[in-house]
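Residues per chain are reported as follows:
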Amino acid sequence: SGTLHYRHYIFESFPKYTMDQEATVILTVDEVTALKNIINDNNFYEIPTWNPEEFVGSDGEYTYILGFDEKHSAHLISMWESTPRYGIYHIRTAVENLVREKIEVTSGSVYIDYGR
C-alpha cells in the first residue's frame, strides 16, 4: 500500500501562497502498483529534468514530479503545458485521477478539468 498526500495552494500577491486544501489518504496495493506501472511504462528516470523541446511559461501550468528509489536516488522532471506526447503528462494525469477518485477536491485544476 501507499499514501497519497494532496495539497492545493492559492497564489496571492507574489510571493504569497495560501494552502486551500490538504488531505491524506491510504492507497491500496493495486492502486500503488498501477501508479508504479505508469511511472515505469513512461520511463520516469529517462525523462530529462528540463525538456529542451518545451517553451517556458509562467501561468501556473507547470508540472513538477520528484521521485526517489534505491537505484536512481532522486530525480526531478518538469514541463510546462505537457501534452500526451510526453511521459510526464501521463504520470501527472494518473496522479490527478487518483486524487479525483480518492479526495473530494474543492478548487483548482484537479477539481475543474479544463479539457485535458
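For the structure, check the block above.
Residues numbered from 1 in each chain as written. Predicted model: local features only at pLDDT ≥ 70, side-chain atom pairs only at ≥ 80, totals over all residues. Heavy atoms only, no water.

Student: Please explain the environment of Ala94 as it appears in this structure.
Tutor: With respect to the helices and strands, Ala94 occurs in helix H2 (residues 87-102). On a C-alpha basis, the gap between Ala94 and Glu54 in space is 21 Å, while along the polypeptide they are 40 residues apart. Setting aside its immediate chain neighbours within four residues, Ala94 contacts Leu35 and Ile38. (Helix = DSSP H or I, 4+ residues; strand = E, 2+ residues; numbered from the N terminus. Contact = heavy atoms within 4.5 Å.)

Student: Sorry if this is basic, but what is going on with the packing of aromatic side chains here?
Tutor: The geometry of an aromatic ring pair comes down to the distance between the two centres and the angle between the two planes. A full pass over the atoms with the stated rule returns two aromatic pairs. Ring centres of Phe44 and Tyr45 lie 4.8 Å apart, and the angle between their planes is 90°; this geometry places the pair in the edge-to-face category. Judged by centre distance (5.4 Å) and plane angle (20°), the rings of Tyr62 and Tyr64 are stacked. Taking relative accessible area as the criterion, Tyr64 reaches 55% and is therefore assigned exposed. (Phe/Tyr/Trp six-rings, centres within 6.5 Å; stacked < 30°, edge-to-face > 60°. Buried < 20%, exposed > 50% of the residue type's maximum accessible area, 1.4 Å probe, protein only.)

Student: Sorry if this is basic, but what is going on with the packing of helix H1 (residues 29-41) against H2 here?
Tutor: Helices that pack against each other are described as a pair by the angle of their axes relative to one another and the distance between those axes. Running from N to C, H1 and H2 cross one another at 160°; their axes reach a closest spacing of 9 Å. When the axis of H1 is compared with that of H2, the two are roughly antiparallel. H2 is crossed by H1, and the crossing has right-handed handedness. Touching Glu31, Leu35, Ile38 and Ile39 of H1 are His90, Ile91, Ala94, Val95, Leu98 and Lys102, all from H2. Residue composition of the contact of H1 with H2, grouped by class: seven nonpolar, one polar and two charged. (Axes fitted to C-alpha atoms, helices over the stretch in contact; angles between N-to-C directions. Parallel < 35°, antiparallel > 145°, perpendicular 65-115°, else oblique. Left-handed = near helix turned anticlockwise from the far one by under 90°. Nonpolar A, V, L, I, M, F, W, Y, C, P; charged D, E, K, R; others polar.)

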